[in-house]
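What follows is the residue order along each chain.
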Amino acid sequence: MVGEVEGRSKRLACGRALVGGGDVVGVVVKVEHPLSFLGEVDPLKGTLYDGRSIKNKVLVVKGVRGSTVGSYVIYALRYYNNAPLAIVVEGEADPIAVAGCVMAKLPLVDKTGPLGLRDGDEVLLRFTEGKGCILKVGGVDLKTSNRTAEGS
Amino acid sequence: MMLTKEEERALSGEYGEALSQAMRILVKVGEVLGAERLVPISHAHASGVSYATIGEPGVHWLESLVKGGAKVSVYSTVNPIGFDPYSDIIKVDENFVKGQIRILEAFEKMGFDTSLTCTPYYLREPKPFERLAWGESSAVIYANTVLGAFTNREGGPVAVAAAIAGKIYEAGLQVLENRRTDSRIRLGFRPTDAAEWSAVGYAIGERIGQGIPRLEVPPPPRDHLKYMLAASAASGGLAMMVIEGVTPPKTYLLGEEEKVEIGREDVEHMFGSVEDADLVFHGCPHASLKELVELDNLIKEKVEKEVWVAVAPRLYERANDVIKSLSKKGVKFVRGTCLVVSPIDKMGIRKVATTSAKTYFYLKRRGLDVWLVRLRDVASA
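Note that the structure is a prediction, hence the values are computed from the model and not measured. (Residues numbered from 1 in each chain as written. Chains lettered and ligands numbered in written order. Predicted model: local features only at pLDDT ≥ 70, side-chain atom pairs only at ≥ 80, totals over all residues. Heavy atoms only, no water.)

**Things to note about the nonpolar core**
Soluble globular proteins tend to pack their nonpolar side chains together in the buried interior.
Right, on to step 1. Ranked by internal contacts, the top residues of the largest apolar core, which has 146 residues, are Phe37 and Leu59 of chain A together with Phe107, Ile204 and Trp308 of chain B.
Right, on to step 2. With residues up to four places along the chain from it excluded, the contact list for tryptophan 308 of chain B reads Ile89, Ile90, Leu279, Val280, Phe281, His282, Lys332, Val334, Leu339, Ile344, Met347 and Ile349 of chain B.
Right, on to step 3. Formed by 26 residues, the second largest nonpolar core is a distinct cluster that contains Ala287, Ala319, Ile323 and Trp371 of chain B. (Core = buried A, V, L, I, M, F, W, Y, C linked by side-chain atoms within 4.5 Å. Buried < 20%, exposed > 50% of the residue type's maximum accessible area, 1.4 Å probe, protein only. Contact = heavy atoms within 4.5 Å.)

Rendered as structure tokens:
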């Protein structure tokens, strides 16, 4: 599947792979503000504060903040089988997200810079040599106007 | 990050899954914070111990560490839990008790001292320059400010990882260069009571949010400082202050300081009377022996209201005489817990008068009616 989608992909950026894993392909859920896992994520339902589901999605957030109990919330997402496929932080991750993702064995990439992604976009997250690269493989723009591969 | 060969082996899992996971947490968190290496610590203190805080997933994580062979490699202590295990003063359901006991058993199996206190410095007082990995914001700021030890505010899992590895990443307040003042607080009045100091700390935390303020005051007693620092760490994100005559020399640097004034008007609005309270509460952070003696001297006859004092279980054992005297005067003790981490709202308690602005901060956020009273007011409750 990965090879198939890569052919029509658009490479957006590479960030720092803090917790690595294999390649991930998934649909984006985007949070436009620094996310506090404690209080803004419900691990029992796998939803965000506004009801959007993050289960088996690629959670892309502008940044992270909040109580240190947040690490346990990330672990709880895994424990209740509601974890996202990966977390991408456009800005810098913090110790809470890092500890939580190590505990939950959840791929975590940060420092990608603004990716211009929105809900429903489909991305490929590829881990190589300490980096996590995000390739857009589906979504509104790709489907309508840009299906040719770019970059590498 | 530069790791020793031994650290590399631990990271790769040669010494078991638990140590490997602990190392991964420390190395990755260190990487994010710009650390170049790990450094040895003398004492880890884990927060996030209450079942109310970490729940079933937390139990599961701690038990998975035990299964992975986790053992602490330095002296390690734990924070208060969600109820008093020695009495039925705080009512919780059976499921809560079971979950909490599993948490404590996991910590015990790893070799933690299940001290159940937010004041680990009363159990073993760290010396200046000692490196620690402490959770519990009130203990962190006390260690950095009063004792001159070096610690960041570690989240629960990071402190557990540090206890297992016996190490912490070298970043933040572990580096002298970062222990530099950036504001100077001038007090417009002289607080005379633990609760007044506590309110001052609350106002400081609220005003400056983060950073390292320098407080220009004649050194207050340590007990008063404890309340002040705890409140500033709750209302703001403070992990350290500098107080000349208190903070050990050479454990800090002076930087460019912004001036901040705190006056009596900034704190007075937090105070009320004991009369309307369902509960009068002292001991956040946990009371010292000296505070118990002071309270015992202040209470002449008997308190009429519900008065609770939170203490560490070990202090309770040690302070037998004063505990007996206070108990006779109607004071009740809560051991190994406090109002911040226990579900007291579920017991029908709505109005709380307390000497602690840290308790004030957290109970207000939980929607309770809460205000400050001075210690002498507690005596007349």
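Moving on from the coordinates now.
**A look at the environment of leucine 326 of chain B**
All names here are of chain B.
Right, on to step 1. Here leucine 326 is to be found in helix 12 (residues 320-328).
Right, on to step 2. The class of leucine 326 is buried, set by a relative accessible area of 0%.
Right, on to step 3. The sequence separation of leucine 326 and lysine 250 amounts to 76 residues, and the corresponding C-alpha distance is 41 Å.
Right, on to step 4. Setting aside residues no more than four positions away along its own chain, leucine 326 makes contact with Leu292, Leu295, Asp296, Ile299, Val331 and Phe333. (Helix = DSSP H or I, 4+ residues; strand = E, 2+ residues; numbered from the N terminus.)

**Comments concerning the environment of threonine 247 of chain B**
Residues and elements named next belong to chain B.
Right, on to step 1. By the element assignment, threonine 247 lies in the loop between strand 8 (242-243) and strand 9 (258-262).
Right, on to step 2. For the pair threonine 247 and glycine 172, spaced 75 residues apart in the sequence, the C-alpha separation amounts to 18 Å.
Right, on to step 3. Aside from chain neighbours lying at most four places away, what touches threonine 247 is Asn144, Thr145, Met241, Val242 and Tyr252.
Right, on to step 4. A polar atom in the side chain of threonine 247 sits 2.9 Å from the backbone oxygen of threonine 145. (Polar contact = N/O pair within 3.5 Å; in protein donor to acceptor, adjacent residues only side chain to side chain.)

**Here we look at the domain arrangement of chain B**
Residues and elements named next belong to chain B.
Right, on to step 1. Under the domain assignment, chain B is made up of domain 1 (5-165), domain 2 (179-268) and domain 3 (279-379).
Right, on to step 2. Between the C-alpha centres of domain 2 and domain 3 the distance comes to 24 Å.
Right, on to step 3. In this assembly, 16 residues from domain 2 lie in contact with 21 residues from domain 3.
Right, on to step 4. The interface formed by domain 2 and domain 3 includes three salt bridges. (Domains from an automatic or database assignment. Salt bridge = Lys/Arg side-chain N within 4 Å of Asp/Glu carboxyl O.)

**Things to note about the packing of aromatic side chains**
Residue and element names in this part refer to chain B.
Right, on to step 1. Taken as a whole and judged by the stated rule, the model has 12 aromatic pairs over all chains.
Right, on to step 2. Ring geometry for phenylalanine 107 versus phenylalanine 112: centroids 4.8 Å apart, planes at 80°, classification edge-to-face.
Right, on to step 3. Given the relative accessible area of 5%, phenylalanine 112 is considered buried.
Right, on to step 4. Aromatic pair tyrosine 121 and tyrosine 122: ring centres 5.0 Å apart, planes at 70°, arrangement edge-to-face. (Phe/Tyr/Trp six-rings, centres within 6.5 Å; stacked < 30°, edge-to-face > 60°.)

**Side note on the UniProt feature "domain: Phosphomevalonate dehydratase large subunit-like" (unreviewed entry) in chain B**
Right, on to step 1. Feature annotation in UniProt places "domain: Phosphomevalonate dehydratase large subunit-like" (unreviewed entry) on residues 1-378 of chain B, given in this structure's numbering.
Right, on to step 2. Helix and strand shares over residues 1-378 of chain B are 40% and 14% respectively, and the end C-alpha atoms of the span are 52 Å apart. (UniProt positions renumbered as here; feature names shortened; annotations may be inferred.)

**Observations concerning the pattern of salt bridges**
Residue and element names in this part refer to chain B.
Right, on to step 1. For the coordinates displayed, the defined rule picks out 37 salt bridges over all chains.
Right, on to step 2. Here arginine 264 makes a salt bridge to glutamate 268, at a shortest N to O gap of 3.7 Å.
Right, on to step 3. On the accessibility criterion, glutamate 268 (34% relative accessible area) is partly exposed.
Right, on to step 4. A salt bridge links glutamate 268 to arginine 374, with the nearest nitrogen and oxygen atoms 3.5 Å apart. Pair noted here: glutamate 268 is in helix 9 (residues 265-268) and arginine 374 is in the loop between strand 14 (369-372) and helix 14 (375-379), with a separation of 106 residues, a long-range link.
Right, on to step 5. Taken together, the shared-partner salt bridges in this structure form one network comprising Arg184, Arg214, Glu216, Glu244 and Glu257.

**Topic: the packing of helix 7 (residues 194-208) of chain B against helix 13 (residues 357-365) of chain B**
Residue and element names in this part refer to chain B.
Right, on to step 1. Running from amino to carboxyl end, helix 7 crosses helix 13 at an angle of 55°, the nearest separation of the two axes being 8 Å. The pairing of helix 7 with helix 13 is recorded here as oblique in orientation. On helix 13, the residues touching Ser198, Ala199 and Tyr202 of helix 7 are Ala357, Lys358, Tyr360 and Phe361.
Right, on to step 2. Of the residues in the contact of helix 7 with helix 13, the class split is five nonpolar, one polar and one charged. (Axes fitted to C-alpha atoms, helices over the stretch in contact; angles between N-to-C directions. Parallel < 35°, antiparallel > 145°, perpendicular 65-115°, else oblique. Nonpolar A, V, L, I, M, F, W, Y, C, P; charged D, E, K, R; others polar.)

**Observations regarding a negative patch on the surface**
Right, on to step 1. Taken together, the side chains of Glu275, Asp276, Asp278 and Asp369 of chain B make up a negatively charged region of the molecular surface.
Right, on to step 2. If you trace the backbone, aspartate 369 of chain B turns up in strand 14. (Patch = residues over 30% accessible without salt bridge, like charges linked within 9 Å, V, L, I, M, F, W, Y side chains within 5 Å. Areas by Shrake-Rupley, 256 points an atom, 1.4 Å probe, with all protein chains shown as cover. Lys, Arg positive; Asp, Glu negative; His and termini not counted. Charge placed at Lys NZ, Arg CZ, Asp CG, Glu CD.)

**Some remarks on the interface of chain A and chain B**
Right, on to step 1. Across the contact, 20 residues belong to chain A and 23 residues belong to chain B.
Right, on to step 2. For the pairing of chain A and chain B, the buried interface totals around 1800 Å² over both sides, and the portion due to carbon and sulfur atoms is 70%.
Right, on to step 3. Counting across the chain A and chain B interface gives zero salt bridges.
Right, on to step 4. Here chain A and chain B share three residue pairs in polar contact (both at pLDDT 80 or more) between them.
Right, on to step 5. Listed by contribution, the elements that provide at least two residues to the side of chain A that touches chain B are strand 1 (10-19), helix 3 (70-79) and helix 4 (95-104) of chain A. (Buried area = accessible area lost by both parts, 1.4 Å probe.)

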